[in-house]
Structure formats: C-alpha cells, structure tokens
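Structure at a glance
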Amino acid sequence: MTDKSHPIARLLFHFASPQAFYPLAGKLIPWFWALTAIFGVAGLYISFFVAPTDATQGEAYRIIFVHVPASWMSMFIYLVMAFWAGIGLTFNTRLSGMVAQSLAPTGALMAALSLWTGALWGKPMWGTWWVWDARLTSELILFFLYIGFIALQAAIDDARRADKAGAILALVGVVNIPIIYFSVKWWNTLHQGASVSLTKSPAMAQTMLWGMLIMALFFWMYSIAVALMRARAIILEREANTEWVKHAVD
Amino acid sequence: MNALFATTRRDLLLALRRKSEVLTALFFFVIVTSLFPLGIGPEPALLKKIAPGILWVAALLATLLGLPRMFAADHQDGTLEQMALSPAPFGLLVSGKILAHWLVCGLPLVLLAPVLGIQFDLDAGALWVLTLALLLGTPLLSLIGAIGAALTLGVRGGGVLMALLVLPLYVPALIFGAGAVEAYIAGLDIGGHFSLLAAMLAVAVFFAPWATTAALKIALE
C-alpha cells in the first residue's frame, strides 16, 4: 500500500504514535532546557540590572517580569491543552490525551504563580494583597478550571476514559472562558469596587519591554521542556507492558 | 419530542415515589439561607444588600445536591445503556432527564425564593425580579450541571469532584442572576441582565445536552 498523503501530514502521523514520539521528545528536551537557561539568565539579568527603576512604582515593579509572562502562559496553555484534547476526541489518537494531561499541571502552576506574584505586586502598589478586579477574578476561576481538569483525570482509573472525559471538560471550559471573563468584567464595572486601573499603565521603557519579552520566551521554553518530560513519563507509565518500552528503558 | 416527554414523565414519577430526596434539597435551601442572618446579624439594611447573593449561592448549592441523582440510578440498573441503544435519539432522552431534574430541583427553588426573600426584607418588586431571574437561571444550572454529572458518573468521590467541575462554570449565571436583583434595588436598568441570562440559556439548551450525551457515552464504554 502506497501512502499518498502530504509529507508533512505523514510526519505528523508518524510522531502521533507514542513509540515514535518518545525518542523524539527525548532528543528535544536538552535543547529546550538549554534555551530555558539562556533566556532565563538573559531575561533575569535585563529585568534586575538593565531595566531602569520605574519613576512611579520604584523597584517593586520588577515583579511584572515574572507576573505578566506567567499570566500569558496560564491562558495560552489552557488553549493548547483544549486543542490537543479536541484533537484526541475527534481523531481518537492516544498521544493527544497524554499531551493534554502533561500540560495541565504546568498551566495550573502558571495560574498560581500569576495570582501569587499579583498579590505580591498589589501589596506595595495598592496597599492590599487582593482586589476583586476583573482580571484577578477570572485568573482565579481559570486556576479552578485547571484544578477541576487535573482532579477529574486523577479520579478516573482507566487512562483512555480519563483522557476523553478530560477532553470534554477542557472544551466546555474553553467555550466558557470568554463568557466568564466578560461576565466578571461587567460585574466589576457595575460594582465600581477598586479604584485602581490595571489597563491604563504608563508607557513602558524600551528595555522593560525587551526584558518582559525575553522572560516570556524563558517561560515558553520552560513549559515546553517540562511538558515534554512529563509526556515521556506518562508514555512510559501507560505503555509499560509493551515490548518497545521494555527495550527503551534498558 | 414524544421520547423527551416520556423520559421526563418517567423521571417525575420516580421522583414522586421518593419524595424525601426532593424535599431534602429544598430544606437545605431554606436552612442555608436562614443561617446567614444568624451568622451576620439581624441588621435589615445589611441583610437586604446581601440577600440576592445569598439566595443565588444557596440555589446553586441546592441544585448541586440533586445532580448526582440525575444519572446514577439509571446507570446502576442498566437503564441508561438501554436508552443509549434505543432508536430514539439519545440526546433527546438526555434532554428529557435534564428537564425532569429542573422540574424537581429547580422549579421548587424558584417558587420558594420569594418567600425566603421576605426574610431579608426585599420589597415586592425585588421579589418579582428575583423570581424571574431564578426562572431563567435555574434551567441553566441544570443544563451545565448535567455535563458535570455525566463526566463524574461512576467515578470515585464523584459528588465532591462534580462540585469542583461545575461551580466555576456557574459563575456567569450567578453574576447576572444576583446582579439583576441588585440592579433593581439600586434603581438601574435590569433588561441587560435578563437578556444575557436568556442568551446563555439559549446557548446551553443547544450545547449542554450534546456535551452531556458525549460524556455519558464515554462513561458507558
């Protein structure tokens, strides 16, 4: 039988098999760790030593170099997770569910980090750890959605069923995220609670922007490296009784 | 459509034969709302301000109590599998079960809420708005809750897990439902709240039975 599909599609199909993906991930992981280290050192150097002290916020503003990339990642990882979950549900591929499962803890970590650094930033800036701002509240709900996804997958013993149930939950969550975001935003403006504005920040210095972008790359590389390592562990665990795993480990 | 109403009728009959389960959730609603004044203090102005939120949160929790029953018994005795295999569309039968859940767990809350609102010194207009908001909102809670109930069917620690999955998704309904009453008390326009609740209900009526059916099929595999 000759395979007439496009070469890129053929490549994707090839690596959709856990057996083919496992060594590929193994080869990629050191590269992503190396990039993590490079971007991490450069980003932290810029954010601590190069970026100027902010005129109004002082030194404490430097926490946004962690806070903003973590918030971006927490939202983006949910989308990626839901995407792979949807692929897994439609094409019935085993690897997609494993990738979704390996992304969830990193996403939850990013959401938690974003909330925590937000609180640390809020204390010196607004004089309070927490305000019921629309962004903070929707980030908190996003964190709950991650926890729900992880808890549901952990509660179901059959891995394939856990993948599919988690996929439905992730897709329902993705439909709901914009609704939740806008409802929380409207709720916030209706109540006129906090008098601070997160959206009208003063124009950022060029070096600050570069620092933030490099830190964002650092978070990207870290997330990919960690998710690949976790995916490899999940593959080994689920395929433990297959012949190739026995050879792969020794 | 006949299949839908037949399922609803059957579930209602079953619920009527086990009245205590229905009444337990209803009394839970009454007790929870009565606990708040005891915890906060009997000051009428404060109670009036927090009444919409308390009644809505209590309604969310009371709906949650009835959700595990939606599919569990039918899953145990095999009825659910027969439904999945029947010639009638499974989604329609599931919709019938969701409708029955709302009639048993949601509608009594709607009827009871104005009585409990009097405890909080809400005036007649606010009570009407509360009742109408719950009338639009409780079917939404049943529809979203059905997805959670189906996903956790036969899973270890299903009840608590379901609360964890469903409660974050209830946030928009809570915001606009309680918000409508608050807006009315503050003398603002309430049309927007009702439009959004109705819009969310329309979306949920279309998508939730579909997602529930997909989740049930996974549970039945």
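Everything discussed here concerns the structure shown above.
Cut-offs and rules
- Residues numbered from 1 in each chain as written.
- Chains lettered and ligands numbered in written order.
- Predicted model: local features only at pLDDT ≥ 70, side-chain atom pairs only at ≥ 80, totals over all residues.
- Heavy atoms only, no water.
- Helix = DSSP H or I, 4+ residues; strand = E, 2+ residues; numbered from the N terminus.
- Buried < 20%, exposed > 50% of the residue type's maximum accessible area, 1.4 Å probe, protein only.
- Contact = heavy atoms within 4.5 Å.
- Areas by Shrake-Rupley, 256 points an atom, 1.4 Å probe, with all protein chains shown as cover.
- Buried area = accessible area lost by both parts, 1.4 Å probe.
- Salt bridge = Lys/Arg side-chain N within 4 Å of Asp/Glu carboxyl O.
- Nonpolar A, V, L, I, M, F, W, Y, C, P; charged D, E, K, R; others polar.
- Patch = residues over 30% accessible without salt bridge, like charges linked within 9 Å, V, L, I, M, F, W, Y side chains within 5 Å.
- Expected span 1.5 Å × (residues − 1).
- Arc of directions from axis to C-beta.

Broken down by element type, chain A carries eight helices and zero strands. The linear arrangement of helices and strands in chain A, starting from the amino end, is α-α-α-α-α-α-α-α. Dimensions along the principal axes, computed over C-alpha positions, put chain A at roughly 65 × 40 × 35 Å. The buried share among the 250 residues of chain A stands at 43%. Contacts in chain A between residues at least 24 apart in sequence constitute 79% of all its contacts with a sequence separation of at least 6. Surface accessibility of chain A: about 13300 Å² in total, with carbon and sulfur atoms responsible for 71%.

Time to look at the interface of chain A and chain B. Taken together, the 26 residues of chain A in the interface contact 27 residues of chain B. The three residues of chain A that bury the most area against chain B are A:Arg161, A:Ile168 and A:Trp186, which together make up 25% of that side's buried surface. Applying the counting rule to chain A against chain B returns one salt bridge. With a shortest N-O distance of 3.1 Å, B:Glu221 and A:Lys164 are connected by a salt bridge. Counting only elements with at least two residues in the side of chain A that touches chain B, the list comes to α5 (134-155) and α6 (159-191) of chain A. The element that contributes the greatest number of residues to the side of chain A that touches chain B is α6(A), accounting for 15 residues. Classifying every residue of the side of chain A that touches chain B by side-chain character gives 19 nonpolar, four polar and three charged.

Bringing a nonpolar patch on the surface into the picture now. On the surface, A:Leu44, A:Tyr45, A:Phe48, A:Phe49 and A:Val50 cluster together to form a nonpolar patch covering roughly 550 Å² of accessible area. Of note, A:Phe48 is situated in helix α2 (residues 18-50).

All names here are of chain B. Over its 16 residues, helix α1 (residues 2-17) extends 23 Å from the first C-alpha to the last, a length consistent with the 22 Å expected when each residue adds 1.5 Å. Looking at α1, one finds that the buried residues are Leu4, Thr7, Thr8, Asp11 and Ala15. Viewed end-on, α1 has its buried residues packed into an arc of 100 degrees, placing them on one side of the element. Exposed side chains of α1 directed beyond 90 degrees from the buried face belong to Asn2, Arg9, Leu16 and Arg17.

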